[in-house]
Amino acid sequence: PEISTGEILRRAVAEGTPLGRDAKVSMDRGDLVPDSTVLGLVYARLKKGDCEKGYVFDGFPRNVVQAESLDKMLSALRVPISLAISIDFERSELTKRMTGRRICKSCGQLYNLYSLPPKKEDICDKCGSDLFRRDDDREETVRKRLDVYEAQTTPLVEYYDRKAILKRVTGSGSVY
């Protein structure tokens, strides 16, 4: 399974769990959610049966503290990390992609105003419901998220490079 910490966090926020309420404050400011919150949610996810044969993290870990904690967690579960992938982007392209995202309120279908626009503006092709933009996809929040990301993720990329499990790929170009 793909384990997206962003999806786990958004679900916790939507469900109004205590961790979700804490996460929402950080997310609304454009800050990264505290490590303890993210690690608790990840640990609970890894204990589910569909992770027994492996999994792929999406957007996790985001900093060296999380990576070291993940290493300890996985050591206890006897499942080492086999590969870390860094998808490299030009900041302007990434900002455009993030601010262009739209999501259907009913079915969750994803769109992008630049690469995969709906046939009718702000209307889902699949079910006809309204599309919306997440608060954390607004331009000022995206810029702040990217500043925080760059500051905390550069050392993380170096961490996995030193462990000789890092693969770098370019994320620029066509989405398809």
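That block above? That's the structure.
On a predicted model such as this, the values are computed, not experimentally measured, just so you know.

**Structural notes on the overall build of the protein**
- When its secondary structure is counted, the protein shows six helices and seven strands.
- Sequence-ordered secondary structure for the protein, helices as α and strands as β, is β-α-α-α-β-α-β-α-β-β-β-α-β.
- Relative to its length of 176 residues, the protein is compact, with a C-alpha radius of gyration of 17 Å against a globular reference of 16 Å.
- The proportion of buried residues among the 176 residues of the protein is 35%.
- Contacts in the protein between residues far apart in sequence, at least 24 positions, make up 64% of those at least 6 positions apart.
- Total accessible area computed for the protein in this model is approximately 11000 Å², and 52% of it derives from carbon and sulfur atoms.
- Here the protein holds 31 positive side-chain charges and 28 negative ones, and the gap between their average locations is 3 Å.

**Things to note about the sheet that holds strand E4 (residues 101–104)**
- Spatially, three strands are ordered E5-E4-E6 in an open sheet, and the strand pairing comes out antiparallel. Where the open sheet ends on each side, the last strands, each with one partner, are strand E5 (110–112) and strand E6 (131–132).
- Pairing of E4 with E6, which is carried by two bridges, proceeds in the antiparallel orientation. By the bridge assignment, Cys104 is partnered in E6 with Leu131.

**Details of the nonpolar core**
- Among the nonpolar cores identified, the biggest contains 25 residues, and Leu9, Val42, Leu46, Phe57, Phe60 and Tyr160 are the most heavily contacted of them.
- Contributions of two or more residues to this core are made by helix H1 (5–15), helix H2 (18–29), helix H3 (35–46), helix H4 (64–77) and helix H6 (139–162).
- If one sorts the elements of this core by residue count, H3 sits on top with five residues.
- If sequence neighbours within four positions are ignored, Val42 has contacts with Thr5, Phe57, Phe60 and Met73.

Conventions and cut-offs
- Residues numbered from 1 in each chain as written.
- Predicted model: local features only at pLDDT ≥ 70, side-chain atom pairs only at ≥ 80, totals over all residues.
- Heavy atoms only, no water.
- Helix = DSSP H or I, 4+ residues; strand = E, 2+ residues; numbered from the N terminus.
- Rg over C-alpha atoms; globule rule 2.2 N^0.38 Å.
- Buried < 20%, exposed > 50% of the residue type's maximum accessible area, 1.4 Å probe, protein only.
- Contact = heavy atoms within 4.5 Å.
- Areas by Shrake-Rupley, 256 points an atom, 1.4 Å probe, with all protein chains shown as cover.
- Lys, Arg positive; Asp, Glu negative; His and termini not counted.
- Charge placed at Lys NZ, Arg CZ, Asp CG, Glu CD.
- Pairing = 2+ DSSP bridges.
- Core = buried A, V, L, I, M, F, W, Y, C linked by side-chain atoms within 4.5 Å.

Any link to function would need more than the numbers given here.
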